[in-house]
Amino acid sequence: MSRRRALTLSALTGATALFGLIDYDPLQLVPVNPAQAVILLVLALIGFAGTMLGSRPILFGVGAVMIVLGLFRLLTYGQEFGLGAGSVGTAALLTGLGMAFIGIMLVGDQPTPERRATPTGPG
């Protein structure tokens, strides 16, 4: 797992949660209710701890929980109650963050291959 990517994603997830708790419109791009913000903050802290411990199962679990929460939001669209309240943007945010956590775990620390310049003229 890439420690830098996972730490960055955990920090951004935590920032998203804090922006949801602050409820200041210019910072809150996706509506997240307080219950979801607290859950996101807890998951961000768990993701941070999992990254520091180097535990792939913890990152996978954080990602899976976020995806389930996002899908739950989609299934309960139109109903406004606690955890399920929010817009489709909330579902997209939760699902996207969950897929990012799982993706970081799957990608690993493989170095990117060098690209060679391809000749364009007569050779």
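The text that follows walks through the structure, step by step, so that each part is easy to find. (Residues numbered from 1 in each chain as written. Predicted model: local features only at pLDDT ≥ 70, side-chain atom pairs only at ≥ 80, totals over all residues. Heavy atoms only, no water.)

## What to know about a nonpolar patch on the surface
Selection rule: Only residues above 30% relative accessible area that lack a salt bridge enter a patch, with like-charged residues linked at up to 9 Å and the nonpolar side chains Val, Leu, Ile, Met, Phe, Trp and Tyr linked at up to 5 Å. All accessibility values rest on the Shrake-Rupley procedure with a 1.4 Å probe; residue burial counts only the protein chains present in the view. Criterion for a salt bridge: a side-chain nitrogen of Lys or Arg within 4 Å of a carboxyl oxygen of Asp or Glu. Secondary structure counts use DSSP, requiring at least four H or I residues in a row for a helix and at least two E residues in a row for a strand, with both numbered from the N terminus. Only protein chains enter the accessibility calculation, which uses a 1.4 Å probe; a residue is then buried when its area is under 20% of its type maximum, exposed when over 50%, and partly exposed in between.
Residues Leu18, Leu21, Ile22, Val38, Val42 and Ile46 make up a contiguous nonpolar surface patch of about 490 Å² in total accessible area. Sorting the residues of the nonpolar patch by element identifies helix 1 (3–22) and helix 2 (34–53) as the ones contributing at least two each. Topologically, Leu21 is positioned in helix 1. Taking the relative accessible area as the measure of exposure, Leu21 reaches 40% and is therefore partly exposed.

## Here we look at the nonpolar core
Worth spelling out the cut-off: Only buried Ala, Val, Leu, Ile, Met, Phe, Trp, Tyr and Cys residues count toward a nonpolar core, and they belong to the same one when joined by side-chain atoms within 4.5 Å. Every residue pair with non-hydrogen atoms within 4.5 Å of one another is taken to be in contact.
Counting 16 residues, the largest nonpolar core has Leu40, Met66, Leu97 and Phe101 as the members making the most contacts within it. By residue number, the principal contributor to this core is helix 4 (residues 88–107), which donates five residues. Residues contacting Leu40, with those up to four places away along its chain left out, are Thr13, Thr16, Ala17, Val32, Met66, Leu93, Leu94 and Leu97.

## Quick notes on helix 3 (residues 56–75)
An α-helical segment advances 3.6 residues per turn. Residues three or four places apart therefore align on the same side. Definition in use: By this rule the span expected of a helix is its residue count minus one, scaled by 1.5 Å. This arc describes the spread of directions from the helix axis toward the C-beta atoms.
Across its 20 residues, helix 3 extends 28 Å between first and last C-alpha, which sits within 8% of the 28 Å expected from 1.5 Å per residue. All of the buried residues along helix 3 are Leu59, Val62, Gly63, Met66, Leu69, Gly70 and Arg73. Along the axis of helix 3, the buried positions cluster into a sector of 120 degrees, meaning they face one direction only. For helix 3, exposure combined with an orientation more than 90 degrees from the buried face picks out Pro57, Val68 and Leu75. Looking at the buried residues of helix 3, the elements they touch are helix 1, helix 2 and helix 4.

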